[in-house]
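# Examining the three-dimensional arrangement
Here is how the chains run, residue by residue.
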Amino acid sequence: MNVILSTELVSRIEDRIQSILANESAGNSHIREVVRRTGALPLALDSGGGLSLAPNGDIIGFFWDHSEIDVEQDPRLVNMALLQGSLKYPELEEIVPPRPADAAECPHCKGTGYPTELEGSGIENIVCYCGGIGWIPPGDDGGKLSLRTAETPSGDIK
Ligand SMILES: [Zn+2]
């Protein structure tokens, strides 16, 4: 999926990419390697990999442990990448998609962006199924909270 970027935003993204590549601290080595490999700005990361924004507007999916990359096509994951990215890079707020009239409220967080079943748990570094945006794209079945994937047989999506 491709996001339309203004010329100004493209140059800001390129600046962010350059500053990550220029940061040679040891703690930055994984991110630096991924940025070099994808040519894109990391927006959302998890233990398996992440999603990045390329200066041409592609949302690039990558993995930490193998070199394959692809252009993410799932609008829910694109929402996640853009919203999470905007929390880190405020200039990206302008490309966070507005909620379409026919989008459903996220059943896992009731639109708040934080999973309702985790309220009061104290767990903070959790991103809801919706990516924290509070709604799910038209055509998305609402899926399941990723936290449950280990306990739920694959293919069981409700
Ligand atoms: Zn949600």
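Residues numbered from 1 in each chain as written. Predicted model: local features only at pLDDT ≥ 70, side-chain atom pairs only at ≥ 80, totals over all residues.

### Some remarks on the overall build of the protein
Looking only at helices and strands, the protein has 3 helices and 6 strands in total. Secondary structure elements in the protein, listed N-terminal to C-terminal, are α-α-β-β-β-β-α-β-β. Considering only C-alpha atoms, the protein reaches an extent of 45 × 35 × 30 Å along its principal axes. For the protein, with 158 residues in total, the buried portion stands at 27%. Summarising the internal contacts of the protein: among those between residues at least 6 apart in sequence, 46% fall at separations of at least 24. (Helix = DSSP H or I, 4+ residues; strand = E, 2+ residues; numbered from the N terminus. Buried ≥ 20, exposed ≤ 12 C-beta atoms within 10 Å, placed from the backbone. Contact = placed C-beta atoms within 7 Å.)

### Quick notes on the nonpolar core
Ranked by internal contacts, the top residues of the largest apolar core, which has 29 residues, are L43, L51, L53, A81, C106 and C130. Contributions of two or more residues to this core are made by α1 (7-22), α2 (29-38), β1 (41-45), β2 (49-53), β3 (59-63), α3 (75-88) and β6 (135-136). If one sorts the elements of this core by residue count, α3 sits on top with 5 residues. When residues are assigned to domains, this core turns out to be shared by domain 1 (7-95) and domain 2 (98-158), each giving three or more. If sequence neighbours within four positions are ignored, L53 has contacts with V3, I13, A40, L41, L43, I59, A81 and G85. (Core = buried A, V, L, I, M, F, W, Y, C linked by C-beta atoms within 7 Å. Domains from an automatic or database assignment.)

### Some points on the domain arrangement of the protein
By the assigned domains, the protein splits into domain 1 (7-95) and domain 2 (98-158). One C-alpha centre belongs to domain 1, the other to domain 2, and the line joining them spans 22 Å. If you look at the interface, domain 1 gives 6 residues, while domain 2 gives 8 residues. When its residues are assigned to classes, the side of domain 1 that touches domain 2 shows 3 nonpolar, 2 polar and 1 charged. (Nonpolar A, V, L, I, M, F, W, Y, C, P; charged D, E, K, R; others polar.)

### A short note on α2
For α2, the full list of buried residues reads V34, V35 and T38. Down the axis, α2 shows its buried residues gathered within 100° of arc, on one side only. In this structure, α2 carries S29, E33 and R36 as exposed residues pointing more than 90 degrees from its buried face. Contacts from the buried residues of α2 go to α1, β1, β2, β3 and β4 (69-71). One or two residues past the end of α2 sits G39, with phi positive at roughly 65°. (Arc of directions from axis to C-beta.)

### Examining α3
Taking 1.5 Å per residue as the helical rise, α3 with its 14 residues ought to reach 20 Å, and the 20 Å between its terminal C-alpha atoms agrees with that figure. Within the span of α3, buried status applies to R76, V78, N79, M80, A81, L82, L83, Q84 and G85. For α3, the elements touching its buried residues are β1, β2, β3 and β6. (Expected span 1.5 Å × (residues − 1).)

### Considering the confidence of the model for the protein
Do not read the fine detail of predicted coordinates wherever pLDDT is low. In this model, the protein carries an average pLDDT of 89, and 91% of its residues clear a pLDDT of 70 or more. Here residues 147-158 scores under 50 on pLDDT; set against residues more than four positions off or in separate chains, the count is 4 contacts. (pLDDT = per-residue confidence, 0-100.)

### Some words on the sheet that holds β3
Spatially, the 4 strands line up as an open sheet ordered β1-β2-β3-β4, and their pairing is antiparallel. With partners counted over all chains shown, the strands left at the sheet margins are β1 and β4, one partner each. Strand-to-strand twist across the sheet, computed as the mean angle between neighbouring axes with direction ignored, equals 30°. Across 3 bridges, the pairing between β3 and β4 is antiparallel. When the bridges of β4 are listed, G61 appears paired with D70. (Pairing = 2+ DSSP bridges. Axes fitted to C-alpha atoms, helices over the stretch in contact; angles between N-to-C directions.)

### What about the environment of G120?
Note that G120 resides in the loop between β5 (104-105) and β6. Residue G120 is classed as exposed on the basis of its 6 C-beta neighbours within 10 Å. Each C-alpha atom, one on G120 and one on D141, is 27 Å from the other, the two residues being 21 residues apart in sequence.

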